[in-house]
Amino acid sequence: MSVRIAISRPRKYSPTLCFHYGDERICFEISARRSVKSKVLIKVHPDCRVQVAAPENSSDEDVLGAVKKRGRWIWQQLRDFRAQQQHITERQYISGESHFYLGKQYMLKVLVEPQEKQRVKMLRGRLEITVRERNPERIRVLLNEWYRDRAKEVFARRLEEMLGQALWVSERPPLRVQTMQTQWGSCSPQGRITLNPHLVKAPRESIDYVILHELCHLAEHNHSEQFYRLMKQVMPHWEKVKTHLDGMAAALLNGSH
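Rules and cut-offs
Residues numbered from 1 in each chain as written. Predicted model: local features only at pLDDT ≥ 70, side-chain atom pairs only at ≥ 80, totals over all residues. Heavy atoms only, no water. Salt bridge = Lys/Arg side-chain N within 4 Å of Asp/Glu carboxyl O. Buried < 20%, exposed > 50% of the residue type's maximum accessible area, 1.4 Å probe, protein only. Helix = DSSP H or I, 4+ residues; strand = E, 2+ residues; numbered from the N terminus. Phe/Tyr/Trp six-rings, centres within 6.5 Å; stacked < 30°, edge-to-face > 60°. Pairing = 2+ DSSP bridges. Axes fitted to C-alpha atoms, helices over the stretch in contact; angles between N-to-C directions. Contact = heavy atoms within 4.5 Å. Polar contact = N/O pair within 3.5 Å; in protein donor to acceptor, adjacent residues only side chain to side chain. Core = buried A, V, L, I, M, F, W, Y, C linked by side-chain atoms within 4.5 Å. Expected span 1.5 Å × (residues − 1).

> Is there a simple way to explain the pattern of salt bridges in this structure?
Where charged atoms of side chains with opposite charge meet at close range, the side chains can pair. A complete count under the given rule lists eight salt bridges for this structure. With a shortest N-O distance of 2.9 Å, arginine 126 and glutamate 128 are connected by a salt bridge. For arginine 126, a relative accessible area of 29% corresponds to the partly exposed category. Residue classification places glutamate 128 among the buried positions, given a relative accessible area of 8%. The shortest N-O distance in the salt bridge between arginine 158 and aspartate 208 comes to 2.9 Å. In this pair, arginine 158 sits in helix α3 (residues 136–163) while aspartate 208 sits in helix α4 (residues 204–219), placing the two residues 50 residues apart along the sequence. In this structure, arginine 158 and aspartate 208 share a single accessibility class: buried.

Quick look at the structure:
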């Protein structure tokens, strides 16, 4: 979730700043943002990192002042993400665990077969993994490989479908699948779209939202008013979908490296 605030632009700032909200000390990372508009962009990630993108000539005082104005909002976001994390136990990769795929939960079934080929398959509403020995790390790797393969297939299909709505895109952009720590997707200046393989665990509508978000960046490279206007045209309820995806983020990324 993000908020934009207007600020002035005197001088360069420090890479990290902190402020107090009540009894809590909140620190945030700052990155430069080239924009004709003097806006500061605040993002609170599911892992509770706070990032601020500010015009490159902004002063520490202006950045800090702008962020403090949103202190309550930032604190609430951090509180919500921490509450989600408390309900998530670390993955052990054993039979009976629940894992997501396309927004649905599937029970994990681990089969130890020393002579069989190691593989993952979806069978009768569960994820069945065959391994030669009971090794949680090996199971994790196999499962992540399976997710990556499914992601390539699903993302290619959904991109093709979403291109029908993105009338400003004249040709299919290159698509890459790559694990990212804090992003579901990105769009390079050259027009290549990169999607996080763990996004395939989310509902199809969430996948469509991320793809449309990146397709909008082909027309508007910044999060400008024009960008959000375009996003609203292709997915009027995108904010609701984003909120739902943000709420699932901790659970979808749990156990992935």
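> For this particular structure, what's the right way to read the packing of aromatic side chains?
Tallying each qualifying case throughout the model produces eight aromatic pairs. Look at tyrosine 209 and tryptophan 238: their rings are 6.2 Å apart centre to centre, the planes differ by 5°, and that puts the pair in the stacked class. On the criterion of sequence distance, the pair formed by tyrosine 209 in helix α4 and tryptophan 238 in helix α6 (residues 238–253) is long-range, its members being 29 residues apart. For tryptophan 238, a relative accessible area of 10% puts it in the buried group.

> For this particular structure, what's the right way to read the sheet that holds strand β11 (residues 185–187)?
The strands making up a sheet associate through backbone hydrogen bonding, with each pair oriented either parallel or antiparallel. Read across the open sheet, the three strands follow the order β10-β12-β11; overall the sheet is mixed. Strands at the two margins of the open sheet, each flanked by one partner only, are β10 (175–177) and β11. Ignoring which end each strand starts from, the neighbouring axes of this sheet average 20° apart. For β11 and strand β12 (residues 193–195), the ladder comprises three bridges, and the chain directions are antiparallel. Looking across to β12, one finds that serine 186 is bridged to threonine 194. In the packing of α3 onto the sheet, the strands contacted are β10 and β12, and the crossing angle to β10 comes to about 155°. Its contacts with the sheet put α4 on β11 and β12, and the angle it makes with β11 is roughly 15°.

> Where do I start with the environment of arginine 25 in this structure?
Relative to the helices and strands, arginine 25 is located in strand β3 (residues 24–33). Taking C-alpha positions, arginine 25 is 9.9 Å from tryptophan 75, a pair spaced 50 residues apart along the chain. For arginine 25, the residues in contact, after removing those within four places along its chain, are Cys18, Phe19 and His20.

> Mind showing me how you'd approach the side chain of glutamate 128 here?
Relative to the helices and strands, glutamate 128 is located in strand β9 (residues 126–131). At 2.9 Å, the side chain of glutamate 128 forms a polar contact with the side chain of arginine 126. Residues within four places of glutamate 128 in sequence aside, it is in contact with Lys109, Leu111, Arg119, Val120, Lys121 and Leu123.

> How do you make sense of the nonpolar core when you look at a structure like this?
Taken as a class, soluble globular proteins show a tendency for nonpolar side chains to be buried jointly. Within the largest apolar cluster, 50 residues are counted, with the highest numbers of intra-cluster contacts made by Phe155 and Leu215. No other element matches α3, which puts eleven residues into this core. Leaving out residues up to four positions away in the same chain, phenylalanine 155 has contacts with Leu175, Val177, Leu195, Asn196, Pro197, Leu199, Val200, Ile207 and Ile211.

> Please clarify how α4 should be interpreted in this entry.
Since the α-helix packs 3.6 residues into each turn, any two residues three or four apart lie on the same face. The terminal C-alpha atoms of α4, which comprises 16 residues, lie 23 Å apart, in line with the 22 Å expected from a rise of 1.5 Å per residue. Summarising burial for α4: twelve of the 16 residues are buried, a large majority. Those residues of α4 that fall on the buried side of the exposure criterion are Ser206, Ile207, Asp208, Tyr209, Val210, Ile211, Leu212, His213, Glu214, Leu215, Cys216 and His217. Among the structural elements, α3, β11, β12, α5 (225–234) and α6 are those in contact with the buried residues of α4.

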